[in-house]
Amino acid sequence: MSERLELLMNVAISTEQAQRFLIRRQNFVAYGSPFAGREGVAHALQQMEAVQIDPLCPFERNHHQALYNRVHGYRPEWLDQLLYQDNRAFEYYCNALCVLPMEDYPYFKCAMQQQQVVLAPRVNTDMQEAMQQGMQHIAQQGATSSQEFDSGKKISGWWDNELAARTKIEKQALDYLHLTGKLLISSRTGNQRSYDLPERLVPPALFEQVIDQAAWQRFAMLKFLRAYGLSQLGLFRFGWHNAPKAERKQLLANLVEQDEVARVSIEGVKRTYYCLAADLPELLQATPLSQSEVAVILGPLDNLLWDRDRLEDFWGFNYRWEVYTPASKRQYGYYVVPVLYGEWFVGRIEMRADKEQGVLRVDNLWLEPGHDAALPALRRAVELEAQYLGLTRTFGI
């Protein structure tokens, strides 16, 4: 590597540059997003790489909130159409359960095959029977949900105490079949999933494409870095594949050596960050963001929030989603989400949609010191959120 290239691939920037880079690449509507309408959802998904799905909905589900913030005029049914009618996207695990572009399917099929090995020890005789029955029913009858099966058998599921058997075995069987790629999620009614065979949902050319493990791991690492923009090795999800950390570090080192990834040192930050070399021109651009009159109310699992250590490193903002924290130990509240305005996280807000009364209620608001001037922009954001949710008024702000 030449001296000039060595300097290029070991970049030093300010926290201000890091902040602007990460906010700008989110393409929030408040900052002038280029995405609009139904097709804008597909384009936003391509740029975001993944959108994390979560069922909780005090005011809006995380995946819809993420796209509402990025696509002008967004409607939830547009994502449903992309996923379940047009089959241009699918649901699988990377950061967690996410919406992914359909063209990624051949690569994630490698992850699905790996899960067959991981889950094998958990598949006892009862589970094997439930999985076989599910596959047979779907092959013969078409897409189905776990509601259509009930043997009465219960097991300890993902969210159960190890000593408590509260989950229908049929539900867990369908989850296993999804994890291992034997089924894909074909639709949702509320939080109830239906499943179908992947060959009925995935375009034939993508379904038949074969990718080896090395290509999958390289693809996952590059996709991860595109999604995060800037990331660091301490993140347990780093690289989006389950190879041992030493292997992921070696793959990253190889990509640095091949001039595809750059090391980034950030002023005042101890951790070393990494970004794609192709993103360096954007990273080094330190021009201020366009000022908006509207704040951004983020979902708790928004892409910008995926690395909580990064929030502290770049913004000095400590955010923990306390939804699974016992009430007595919460610092703020059950479903409290960050507020972004300008180049800063300016506060936290707790809202809930009261659909019976047609009101979006602000139960609590905490502004960061020195950011009282953001309040009018936050009020406007709450008003626009209420309109999006079909509520006629707001209360509490």
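In what follows, the structure referred to is the one given above.
Residues numbered from 1 in each chain as written. Predicted model: local features only at pLDDT ≥ 70, side-chain atom pairs only at ≥ 80, totals over all residues. Heavy atoms only, no water.

Draft legend 1. Structural view of the packing of helix H2 (residues 15–24) against helix H14 (residues 308–315). Running from amino to carboxyl end, H2 crosses H14 at an angle of 130°, the nearest separation of the two axes being 9 Å. With respect to H14, the axis of H2 lies oblique. Only Arg310, Asp313, Phe314 and Trp315 of H14 make contact with H2, whose side of the interface consists of Thr15, Ala18, Gln19, Leu22 and Ile23. Broken down by class, the residue content of the contact of H2 with H14 amounts to five nonpolar, two polar and two charged. (Axes fitted to C-alpha atoms, helices over the stretch in contact; angles between N-to-C directions. Helix = DSSP H or I, 4+ residues; strand = E, 2+ residues; numbered from the N terminus. Parallel < 35°, antiparallel > 145°, perpendicular 65-115°, else oblique. Contact = heavy atoms within 4.5 Å. Nonpolar A, V, L, I, M, F, W, Y, C, P; charged D, E, K, R; others polar.)

Draft legend 2. Molecular detail of helix H7 (residues 125–141). When the terminal C-alpha atoms of H7 are compared, their 24 Å separation across 17 residues agrees well with the 24 Å that a helix rising 1.5 Å per residue should span. Along H7, the positions that sit buried rather than exposed are Met127, Ala130, Met131, Gly134 and Ile138. Projected down its long axis, H7 shows its buried positions confined to an angular sector of 100°, all on one face. Across from the buried face of H7, at angles greater than 90 degrees, the exposed residues are Thr125 and Gln140. Packing partners of the buried residues in H7 comprise strand S7 (154–155), helix H8 (169–179), strand S10 (192–196) and helix H9 (198–201). Measuring from the backbone nitrogen of Asp126 back to the side-chain oxygen at the start of H7 gives 3.2 Å, which picks out Asn124 as the cap. At the exit of H7 stands Gly142, carrying a positive phi of roughly 95°. (Expected span 1.5 Å × (residues − 1). Buried < 20%, exposed > 50% of the residue type's maximum accessible area, 1.4 Å probe, protein only. Arc of directions from axis to C-beta. Polar contact = N/O pair within 3.5 Å; in protein donor to acceptor, adjacent residues only side chain to side chain.)

Draft legend 3. Expanded view of the pairing of strand S9 (residues 184–189). Here S9 pairs with S10 via five bridges, running antiparallel. Paired with Ser187 across the two strands is Ser194, which belongs to S10. Once S9 ends, the chain turns through two residues before running back antiparallel as S10, passing Gly190 with a positive phi of about 65°. (Pairing = 2+ DSSP bridges.)

Draft legend 4. Up close: the side chain of Arg348. Within the element layout of this structure, Arg348 appears in strand S15 (residues 344–354). Among the polar contacts listed, one links the side chain of Arg348 to the side chain of Glu368, at a separation of 3.1 Å. Beyond its immediate stretch of four places on either side in the chain, Arg348 contacts Phe317, Asn318, Tyr319, Tyr332, Val336, Val337, Pro338, Val339, Asn364, Leu365, Trp366 and Glu368.

Draft legend 5. Summary view of the sheet that holds strand S12 (residues 273–276). Pairing in this open sheet of three strands is mixed, and the strands run S1-S11-S12 from one edge to the other. If you trace the sheet from one side to the other, it starts and ends with strand S1 (10–13) and S12, each paired once. Here the average twist between neighbouring strands, direction ignored, is 35°. Of the pairings in the sheet, the one linking S1 to strand S11 (residues 261–266) comprises four bridges and is parallel in character. Looking at the pairing, Ala12 lines up with Ser265 of S11.

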